[in-house]
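Close look at the chain arrangement
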Amino acid sequence: MLLLANAFPILTLQIGSESISCSIFGAAETLYQQDMWYLSAIIIITTIITPALQLLILLYLLIPIALRKRPQFIIVPMKIFNALHPWSMIEVFMLGILISLSKLMGMARIEPDIALWSIAILMLLLTATLSTFNPKKIWQLLTPAPQ
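The rules we used
- Residues numbered from 1 in each chain as written.
- Predicted model: local features only at pLDDT ≥ 70, side-chain atom pairs only at ≥ 80, totals over all residues.
- Heavy atoms only, no water.
- Helix = DSSP H or I, 4+ residues; strand = E, 2+ residues; numbered from the N terminus.
- Rg over C-alpha atoms; globule rule 2.2 N^0.38 Å.
- Buried < 20%, exposed > 50% of the residue type's maximum accessible area, 1.4 Å probe, protein only.

Topic: the overall build of the protein chain
Within the protein chain one finds seven helices and three strands. When the helices and strands of the protein chain are read in sequence order from the N terminus, they spell out α-β-β-α-α-α-α-β-α-α. For 147 residues, the compact-globule formula gives about 15 Å, and the C-alpha radius of gyration of the protein chain, at 19 Å, lies well above that figure. Its C-alpha atoms give the protein chain principal-axis dimensions of roughly 75 × 30 × 20 Å. Of all 147 residues assigned to the protein chain, the portion counted as buried reaches 35%.

Side note on unusual backbone geometry
Here Asp 35, not a glycine, exhibits a phi torsion of approximately 60 degrees, which is positive. With respect to the helices, strands and loops of the structure, Asp 35 is situated in the loop between α2 (24-33) and α3 (37-66). Phi at Arg 68 is positive, roughly 60 degrees, even though this residue is not glycine. Relative to the helices and strands, Arg 68 is located in the loop between α3 and α4 (75-84).

Here it is in structure tokens:
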């Protein structure tokens, strides 16, 4: 879902005969070009980099556990994962999109594209994953049992 959300347009805005599509990167690039580099950086960090790092760390930790192996490094990824948690703001981004859509509905024709649905599904999946991820359980699985 993260790849789809970043690879395709979020929506297509049609006013008269003109049509404009925008992706997450496109929104960040437009803000950067309008000298709002700080907002561009926030969008990239909170909606692209942080969720990607969280998913990579989860894969790094959970795939070896599923294969009954121990990941080589554990402490640093767990610390990074905990530090990233407050910076994942896909929910806030989605809320901003929905508010913008409701404001623009009367002025233009808006067609949601695949990235909008991908962001919505990603938001639900990340929320479910992060709410059920238990670092203590990971430590228990990775700590050898006393003999």
